[in-house]
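Listed here are the chains, written in short residue letters.
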Amino acid sequence: MTEPQRTADERAATLPLVTETATVSAVEALDGDRTDDIREAVDRRFDEWDVAPPDDLLDFEAVFSALPDDLPAGVRDDLHTLEERHERPYPSLVRLELAPEEDLEFAPGQFATIRFEHVPRPYSLASSPNDDELELCIRRVPGGHLTDRLFSDLREGDLLPELRGPSGDFTLRDPSKRDMVFLATGTGVAPLRSMIRYTFQEGQDEHDGEKRDVWLFHGCSWLDDLAYFDEFQSLDSEYNHFHYVPTLSRESVIANWEGETDYVQRAFVKHLDEDVSGDGLGDLADALDEDPVRDPGVRIDPENTDVYACGVSAMVSTLEDVASAAGVPDSGIRGEGFG
């Protein structure tokens, strides 16, 4: 449990910077090898167009050569998207569980720095401070100095020679009656998972006997890019006041996806209270009139909401601007960007 006499900011500011070693207790791919899905998606399109397919549906040079010139440009766009996914290394998204020699005290939302093969890199902690082990959620950076070697060489039982942390001031505000909205793109969901797990473990989803609506909007390209998808779905099923809104921009190219497909900021606006003014929302104002793909039966009152945004820096800046334009007080908006 947290120490009630200390605020969240005080707790984060006074945590020590320590150096530890840690044993890797689990390495698990979170994405999938979708070779068969891609082959089926290409084959399906040739059937739809009544065009003879090449012998190898994964030879995209042959695939494009087999296309008649009069097909719409969108057809080629879909195939380029499938080609890009086919060329993506597997795995490209992993979770690491680490068992440090000594407990590492940290506040939800903070990050730690690991050193692997003499290369240090900071990663947000996806685990709650109450969990037994530390967890990281890492995206492979093609050609990156660390992740290619980390993904190919790191094994369960390996020893990381250095774990430094915690660091960062992207932390939870003190509990209140205000609702909570978490906005993430990609692996930006990692620190938000830490915050959400901690919120429910500590009973901070309730304040003075009132439930706080807790929202998670998570935007990715593909279904298997949604780290902790099953966990968040389970939370959504278990708690009436937890609302999970994944949104996928490319999944429908491979398979049938019945959820949101817009960018995170647009999905967020679609779930705002009907009384919210569109002034300041620019091109997103029309989203106020759109119905969510899956209606949770409640809406977001921005004046009574704290927002936490994490992901690529440019996207986080956009999410913060949209939250502010929607009416969330600036004091209630916290963001952290990377890349």
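Being a predicted model, the structure only gives us computed values, none of them experimental.

## Details of helix α7 (residues 229–238)
Buried within α7 we find F229, F232 and L235. One side of α7 carries all its buried residues, which in axial view fall inside an arc of 130°. Across from the buried face of α7, at angles greater than 90 degrees, the exposed residues are D230, S237 and E238.

## Observations concerning the sheet that holds strand β7 (residues 179–185)
The five strands are arranged β11-β10-β7-β12-β13 in an open sheet whose pairing can be described as parallel. What marks the edges here is a single partner per strand, and that holds for β11 (242–248) and β13 (333–338). Mean inter-strand twist for the sheet, computed between neighbouring axes without regard to direction, equals 10°. Sitting on the sheet, helix α6 (residues 189–201) is in contact with β7, β10 (214–220), β11 and β12 (305–312), with an inclination near 155° to β7.

## Things to note about α6
Look at α6: 18 Å from first C-alpha to last across 13 residues, which is about the 18 Å you get at 1.5 Å a residue. Of all 13 residues making up α6, 11 are buried, and the element is well covered by its neighbours. Taken as a whole, α6 has its buried residues at V189, A190, P191, L192, R193, S194, M195, I196, Y198, T199 and F200. Positive backbone phi, approximately 70°, marks G203, located one or two places after α6.

## Focus: the packing of aromatic side chains
In total, this model carries 12 aromatic pairs according to the counting rule given. Here the aromatic rings of F217 and F268 are separated by 6.0 Å at their centres, their planes lie at 85°, and the arrangement is edge-to-face. Of this pair, F217 sits in strand β10 while F268 sits in helix α9 (residues 264–270), and the two are 51 residues apart along the sequence. Residue classification places F217 among the buried positions, given a relative accessible area of 0%. Taking NZ or CZ as reference, R193 lies 4.2 Å from the ring centre of Y228, over its face.

## Side note on the packing of α6 against α7
Contact geometry of α6 with α7 gives a least axis separation of 12 Å together with a crossing angle of 35°. Both α6 and α7 take part in a crossing whose hand is left-handed. Taking contact as the criterion, the partners of V189, R193, I196 and R197 in α6 are, on α7, E231, F232 and L235. Counted by class, the contact of α6 with α7 contains four nonpolar, no polar and three charged residues.

## Re unusual backbone geometry
Between Y90 and the following residue, P91, the backbone shows a cis peptide bond with an omega angle of -5°. Tracing the sequence through the fold places P91 in the loop between α4 (73–86) and β2 (93–100). Each neighbour pair has its own omega, and for G165 with P166 the value is 0°, a cis peptide bond. Within the secondary structure, P166 is located in strand β6 (residues 159–167). Even without a glycine there, the phi angle at D208 is positive, about 50°. With respect to the helices, strands and loops of the structure, D208 is situated in the loop between β8 (206–207) and β9 (210–211).

## Remarks on the pairing of β7
Of all the seven residues making up β7, seven are buried; the element is thus mostly covered by neighbouring parts of the structure. With burial as the criterion, each face of β7 is covered, one bearing D179, V181, L183 and T185 and the other bearing M180, F182 and A184. With six bridges connecting them, β7 and β12 associate as parallel partners. Residue A184 lies in a different strand from β12, and its bridge partner there is C310. As paired elements, β7 and β10 share six bridges and run parallel to each other. Bridging from a neighbouring strand, A184 pairs with H218 of β10.

Rules behind the numbers
- Throughout, a residue's number is its position along its own chain's written sequence, starting from 1.
- Local features are withheld for residues below a pLDDT of 70 in this predicted model, meaning they are given only at 70 or higher, and side-chain atom pairs are given and counted only at 80 or more; totals for whole chains, interfaces and linings count all residues.
- Think of the side-chain values as coming from all heavy atoms in the structure, minus any hydrogens and water.
- The buried label applies to any residue whose accessible area, calculated with a 1.4 Å probe on protein chains only, is under 20% of its type's maximum; exposed applies above 50%, and partly exposed to all values in between.
- Numbering of helices and strands runs from the N terminus; a helix is a DSSP stretch of H or I covering at least four residues, while a strand is a stretch of E covering at least two.
- The arc in question is traced by the directions running from the helix axis to the C-beta atoms.
- By this definition, two strands are paired if DSSP reports at least two bridges between them.
- Axis lines are fitted to C-alpha atoms, over the contacting stretch for helices. Their N-to-C directions set the angle, which ranges from 0 to 180 degrees.
- For this analysis, residues touch if any pair of their heavy atoms sits within 4.5 Å.
- The span one expects for a helix is its residue count, reduced by one, times 1.5 Å.
- Between 30 and 60 degrees the pair is tilted, below 30 it is stacked and above 60 it is edge-to-face, where a pair is any two Phe, Tyr or Trp rings, Trp via its six-membered ring, whose centres lie within 6.5 Å.
- A ring is considered to have a charge above it if a Lys NZ or an Arg CZ atom is located within 6 Å of its centre and within 35 degrees of its normal.
- A crossing counts as left-handed when the near helix is turned anticlockwise from the far one by less than a right angle, and as right-handed when that turn is clockwise.
- Under the scheme applied here, ten amino acids are nonpolar (Ala, Val, Leu, Ile, Met, Phe, Trp, Tyr, Cys and Pro), four are charged (Asp, Glu, Lys and Arg), and all others, including Gly, are polar.

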